[in-house]
Amino acid sequence: MDALQIIASATQIVSGMVGAVAALEHASRNLDEAPKRIQNLEEFVCELESLSRRIKQKHVYKLHNPQLDHQIQSLNALVERLHPKLGKARRVLSKNKVKNLAKVVWSSMAGDPLGKVVNSIRDDLNWWLESQKLAQNVEKAIESTAQAVPAQLKVKTEQGYPVSSKCRYVRNLLEQEEAHRVILIVGLSGIGKSCLARQVASDPPQRFVGGAVELGFGQWCSRAACNGSKSEYQKRLARKMCKFLVQIGFWKKIKDEYCVDLDYICCLLQEALFGKSILIVLDDVWEQDIVERFAKLYDNDCKYVVTTRNEAVFEITEAEKVELSKDDIMQISKAVLLYHSLLAEEELPGVADSLLERCGHHPLTVAVMGKALRKETRAEKWEKAMTNLSTFATCAPGPVSYVNEKEAENTLTIFGSFEFSLDAMPEDSRKLFIALAALSWVEPVPEACVEAVWSVIGLDSLFTLIVCKLVEGSLLMKTETDPLYSVHDMVALYLDSKTNDSLQLLLKESRPEEIAFISPWLLIFGKENVKTSSEQSIVHFLSAEEKHAVISLKAIVEALMASKSISELEASRVSFSSILGPRIADMISTGSENLIAASAEAITNIFSKSDYCNYFPSLEVTGTVNKLASILENCDDPMIETNISIVLAKLAEFGSPETVDKVLQSFPFNRMAALLSPNAEEWHESMFTILMSLTKAGKSKAVERMFDSEIDKSLLKILENGSEVAQHHAVVTLKTFYELGGPQENGSLRPTNLNLLPWQVRLRLETFVMSDRSVNSSLKPQSFEDLVYKVVDGDNKQVLQALQDLIPIIEKAGELSIRDMILKSPLIRRLAELLQKGHSGESSMKSQSAFLLMKLACSGGEPCIKKFLEFDIIPELVKMMQYSIAELQDAAYTALHQMFSGSGRVLILNQILQTGLLERMAQSLESKSMKTREVNMHCLFDIVELGNKACLEQMFSLQIVEKLVKLEKASGGSGEILVGFLKGMDKCKHLSVAERRVMKQQVTRKTRAAIKGHKFESHILGTLDAFVSDGSKNGSSGSGSSRARK
């Protein structure tokens, strides 16, 4: 049933319900008939619910459009309004029977409860029918909106590949209902199978309302690549399917714990595609069971376009086979040649047709040769190219995995074109290309890794020129928006044959300094067989000459920072910590100052809480504290000073009480003031980490030492003149000082200088500074009860006055007796009722209720927040931010903003993440109301500040960055909105330095992709890059390790 039929059915059901209501009205005179009539109405409601679910499943990938979502939700709203009223009708009917009121005369219906319910239900039904404008065309309106909304799932086509007749043929097959669900595109390697599939999927037939998505497999995901290991093959296939679940939005991120159970993932795949209509491209499939696992999924309208060069996959019987032959590609080969050679057709030498024939007209071979002959018009050069191609094809290494003679011959021709292209390049480009064979090309490789490989071979300054030659020759592909490189699957196959040459070049023929540097990169980004050799090299160099150990440690940090995502970062971090952890005690206890400094930098970037717990006890018995403190006393390098200070602070945080005392006694607190000055912002993040760790470990002892060293005065200077991010961390640190027992009279913060601080800082600190925090002795419980009584039962004027009078009492909720009195009263429940949108009170009553709840959260803390959760106050405040009244929106956001800084903030965040409120705020970023966009944006920034990496990954999956880019486009493109998002990351205390850096890179990549081609592109990216680069001065050593080796 399509969407038009569904809504038409909904209209028929609602129209039928109107008749059923009339029957129920008649039955009110004879209540014996009423139960049947009510049951009929309940069945109608159940049918409406089922129809609503089917509509939502069909258009799940277009619900990001507010208009479409609103039309579908109108049906849900009708169902929600009918359920309680039908329940009420049953209860009224039951009471009437008990009271024997069956003979109630209809003329007295004004006093009849059942009659009132009947009228209310009729009004709801008529409301819904009228709201659809033209009931019989409701679905047509939704379909019209849906068709105008671009699907979120898209496949991008490739430039330089003309549209062929086969593209139209495949589209026709997809549009045929009777055609098979699987379309196999088969043909020789490099013949253009993937290009054809992407062309079709880039503009899918309209029947695929969910859009199109591509999932690449490659030889990596085959039994042969796993050396016949069934478990390893299933693990890799499960990983690919997990990636697919994220692509289609079923998961927010890959869940590693599920990636080992292929059968379970397939069950999730069935659930994810239920009721969907998506064109799915399965590219470069090597195993038959991959296609079969998708094809056997049921209850969906998906179809699959599969590209393969494996003959075993050809044997799938339930598939339409589309073969790309030489005749097909002859139609487009000349256009491919013209595109890549940058020549007009009249400029081509006469021998061009012979070259195309020698290339077999294969698009990949033609593209490589065309780029090698770019702008070349001399016939003799083209003739020489043909001769060389034949020579190189004869000498090229053939992959042993090919047993098909025709395929092997074709592969040799393609490999020959690679050899020809390389031969035409400078020697440095050839060496770099061979060196890249050590890398795994299953996923795109960061530019930093490619540059690291090059630094072993040549001069850093030539990297851009050298890698550009490989891109121009179609041997490397660089993404348009990200600094990432990938290769064609045939190039990857060619590089597989050069892996041993690459290892020889990088790990055997290079100098020890070069090997020490490149090994960490190969451990993370290398092929599986390369990783083993790389790990052995790292272990060797960490125990060898100190110079080599320092180089390896610095390279470990650089490789870690090149991670593309948090999941990749975590995998890399675990690999490095397992190598570094067991050796860290020996390196620090016996190493020189340079080695200790490099070790400290690696520790601060790599170790997690569990690593500190596992490996730091060994440092307590080796005299590490005294050694590190001694280095600090004579250190002039802020980078080394902050890294070693962090290690010392972590030793205290995770050490024994004896170690805590030893650290506090030896720690040079007096040297910290210079690094806490407002002008030294690049070191503030590390300094605040140090202060927090020492405060957690030493509590009041540590705070006293800090007061004695006047660190609180340094924090006050930051509050007066520091940046927004620095002020935030200073406030958090000062609050921690006072919360953990620091005597306020010893500190520098007084009511007199509190007034000199910015208002937002004042608001957050006044609780700890104001001297009079005692409860007014004249306050009597009876007066509180009287005020609560007025709030519960008074008229609007009395309620507003009582709310005002309650403020002084609410502000004292920090006192246990006052808080208990408030929690036991009906006050919080009543405030929740006043917030509800359907309440008849004035806006001022809602805003005043939000204000009281804010005050109560700030003063009463976590116990009050728990009470808020019972009455769904947080969802009500989020709803208030969507109202059309600015006063209410401001009141709701201000309340949430202050609650986020209270002691129960984690409870609030968890409810927001678990109940879909984050999704609602993300959708509101696209609201037509500027005020709605503004308050929801600021609330999301607060959540970034409060959250953790899982929370931020969820935000990325909700495309919040892309939505913020839209706001930038609409507001003049200053870049400040995106910078606000990044500032939230800087304020977040639950991110490590490495996690923060990787996530900032993700924001930058997403922004580049979303802003590409817009008039504000350069300005927004400039602002973003400036902020990111300023924030990255601290916590990384840059790329200096490679220069230090030269």
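Since the structure is predicted, the reported quantities are computational estimates derived from the model, not experimental observations.

Reading the values: rules and limits
Residues numbered from 1 in each chain as written. Predicted model: local features only at pLDDT ≥ 70, side-chain atom pairs only at ≥ 80, totals over all residues. Heavy atoms only, no water. Helix = DSSP H or I, 4+ residues; strand = E, 2+ residues; numbered from the N terminus. Buried < 20%, exposed > 50% of the residue type's maximum accessible area, 1.4 Å probe, protein only. Contact = heavy atoms within 4.5 Å. Areas by Shrake-Rupley, 256 points an atom, 1.4 Å probe, with all protein chains shown as cover. Pairing = 2+ DSSP bridges. Axes fitted to C-alpha atoms, helices over the stretch in contact; angles between N-to-C directions. Parallel < 35°, antiparallel > 145°, perpendicular 65-115°, else oblique. Nonpolar A, V, L, I, M, F, W, Y, C, P; charged D, E, K, R; others polar. 1 Å grid on protein atoms, 1.4 Å probe; cavity = no way out; pocket = protein on both sides within 12 Å on 5 of 7 lines; lining within 4 Å. Points joined across faces, edges and corners; volume = space filled by probe spheres on them. Polar contact = N/O pair within 3.5 Å; in protein donor to acceptor, adjacent residues only side chain to side chain. Phe/Tyr/Trp six-rings, centres within 6.5 Å; stacked < 30°, edge-to-face > 60°. Lys NZ or Arg CZ within 6 Å of the ring centre and 35° of its normal. Salt bridge = Lys/Arg side-chain N within 4 Å of Asp/Glu carboxyl O.

**A few points about the overall build of the chain**
For step 1, the next point in the chain: Assigned secondary structure in the chain consists of 55 helices and eight strands.
For step 2, the next point in the chain: By residue count, 53% of the 1046 residues in the chain fall in the buried class.
For step 3, the next point in the chain: For the chain, the proportion of contacts with a sequence separation of at least 24, taken over those separated by at least 6, is 74%.
For step 4, the next point in the chain: Working note: accessible area of the chain is about 45,200 Å², and carbon and sulfur atoms make up 50% of it.

**Quick look at the sheet that holds strand β4 (residues 303–308)**
For step 1, the next point in the chain: Pairing is parallel across the open sheet formed by five strands, whose spatial order is β2-β3-β4-β1-β5. The outermost strands of the open sheet, each flanked by one partner alone, are β2 (212–216) and β5 (320–323). In this sheet, adjacent strand axes meet at a mean angle of 20 degrees when their direction is disregarded.
For step 2, the next point in the chain: Summarising the sheet, strand β1 (residues 182–186) and β5 pair through four bridges and their orientation is parallel. Considered in β5, the bridge of Val-186 is made with Glu-323.
For step 3, the next point in the chain: Contacts from helix α6 (residues 165–175) reach β1, β3 (279–283), β4 and β5 within the one sheet, and its direction differs from that of β5 by about 175 degrees.
For step 4, the next point in the chain: Across the sheet, helix α7 (residues 193–202) lies against β1, β2, β3 and β4, angled at about 170 degrees from β3, the strand it touches most.

**Remarks on the side chain of Ser-924**
For step 1, the next point in the chain: Within the element layout of this structure, Ser-924 appears in helix α48 (residues 917–924).
For step 2, the next point in the chain: The residues touching Ser-924, leaving out its near neighbours within four places in the chain, are Gln-882, Thr-932, Arg-933 and Asn-936.

**Describing the packing of helix α21 (residues 499–508) against helix α22 (residues 512–525)**
For step 1, the next point in the chain: Contact pair α21 / α22: the axes reach a minimum separation of 9 Å and the direction vectors enclose 130 degrees. By the angle between their axes, α21 is oblique relative to α22. Of the residues in α22, those touching α21 at Leu-506, Leu-507 and Lys-508 are Ile-515, Ile-518, Ser-519 and Leu-522.
For step 2, the next point in the chain: Partitioning the contact of α21 with α22 into residue classes produces five nonpolar, one polar and one charged.

**Looking at empty space enclosed by the protein**
For step 1, the next point in the chain: Under the defined criterion, the tally for this structure stands at two cavities of 30 Å³ or more.
For step 2, the next point in the chain: Quantified by volume, the largest cavity comes out at close to 60 Å³.
For step 3, the next point in the chain: Every residue lining the largest cavity is listed: Leu-632, Glu-641, Ser-645, Phe-667, Pro-668, Arg-671, Met-672, Leu-675, Met-687 and Ile-690.
For step 4, the next point in the chain: Taken together, the elements giving at least two residues each to the lining of the largest cavity come down to α31 (638–654), α33 (672–675) and α34 (684–708).
For step 5, the next point in the chain: Each residue belonging to the lining of the largest cavity can be placed in one class, and the counts come to seven nonpolar, one polar and two charged.
For step 6, the next point in the chain: Looking at the second largest cavity, its volume works out to about 40 Å³.
For step 7, the next point in the chain: Every residue along the wall of the second largest cavity is listed here: Leu-560, Leu-569, Glu-570, Arg-573, Asn-605, Ser-992, Ala-994 and Glu-995.
For step 8, the next point in the chain: The set of elements that each furnish at least two residues to the lining of the second largest cavity consists of α25 (566–580) and α53 (993–1011).
For step 9, the next point in the chain: The leading source of residues in the lining of the second largest cavity is α25, at three residues.

**Focus on the environment of Glu-995**
For step 1, the next point in the chain: With respect to the helices and strands, the residue Glu-995 is situated in helix α53.
For step 2, the next point in the chain: In this structure the C-alpha to C-alpha distance between Glu-995 and Ser-565, which are 430 residues apart in sequence, comes to 8.8 Å.
For step 3, the next point in the chain: In this structure Glu-995 touches Ile-566, Leu-569, Lys-949 and His-990, once residues within four positions along its chain are discounted.
For step 4, the next point in the chain: Reaching out from Glu-995, the side chain makes a polar contact with the side chain of Lys-949 at a distance of 3.2 Å.

**Observations concerning unusual backbone geometry**
For step 1, the next point in the chain: Even without a glycine there, the phi angle at Asp-284 is positive, about 55 degrees.
For step 2, the next point in the chain: Position of Asp-284 among the secondary structure elements: in the loop between β3 and α10 (288–295).
For step 3, the next point in the chain: Overall, Asp-284 belongs to the buried group, its relative accessible area being 8%.
For step 4, the next point in the chain: Even without glycine at this site, Ser-474 takes up a positive phi of about 65 degrees.

**Digging into the sheet that holds strand β8 (residues 484–486)**
In a beta sheet, neighbouring strands pair by backbone hydrogen bonds and run either parallel or antiparallel.
For step 1, the next point in the chain: The three strands lie next to each other as β6-β8-β7, forming an open sheet whose pairing is antiparallel. Both edges of this open sheet fall to β6 (445–446) and β7 (477–478), since each of them pairs with a single strand only.
For step 2, the next point in the chain: Judged from the two bridges that link them, β7 and β8 form a sheet pairing that is antiparallel. If you follow Lys-478 over to β8, its bridge partner there is Tyr-485.

**Observations regarding the packing of aromatic side chains**
How two aromatic rings sit relative to each other is given by the distance of their centres and the angle of their planes.
For step 1, the next point in the chain: Here the structure, examined in full by the defined rule, presents 12 aromatic pairs.
For step 2, the next point in the chain: With a centroid separation of 5.7 Å and 90 degrees between ring planes, the pair formed by Phe-244 and Phe-294 is classed as edge-to-face. Remark: Phe-294 occurs in helix α10 and Phe-244 occurs in helix α8 (residues 230–247); sequence separation between them is 50 residues.
For step 3, the next point in the chain: Given a relative accessible area of 0%, Phe-294 falls into the buried group.
For step 4, the next point in the chain: Ring centres 6.5 Å apart and planes at 55 degrees place the aromatic pair Phe-517 and Trp-521 in the tilted group. Here the residue Phe-517 and the residue Trp-521 both occupy positions in helix α22, the gap between them amounting to four residues, near one helical turn.
For step 5, the next point in the chain: Residue classification places Trp-521 among the buried residues on the basis of a relative accessible area of 3%.
For step 6, the next point in the chain: Three or more aromatic residues joined by ring pairs make a cluster, and in this case those are Phe-607, Tyr-612, Tyr-615, Phe-616 and Phe-654.
For step 7, the next point in the chain: Above the ring of Phe-208, the side-chain terminus of Arg-207 is found at 5.4 Å from the ring centroid.

**Structural notes on the pattern of salt bridges**
For step 1, the next point in the chain: In total, this model carries 40 salt bridges according to the counting rule given.
For step 2, the next point in the chain: Its salt-bridge partner being Glu-833, residue Arg-829 comes within 2.8 Å of it at the nearest N-O pair. With a gap of four residues between them, Arg-829 and Glu-833 both fall in helix α42 (residues 827–835), about one helical turn apart.
For step 3, the next point in the chain: For Glu-833, a relative accessible area of 27% puts it in the partly exposed group.
For step 4, the next point in the chain: Connected via shared salt-bridge partners are Glu-570, Arg-573, Asp-611, Lys-949 and Glu-995.

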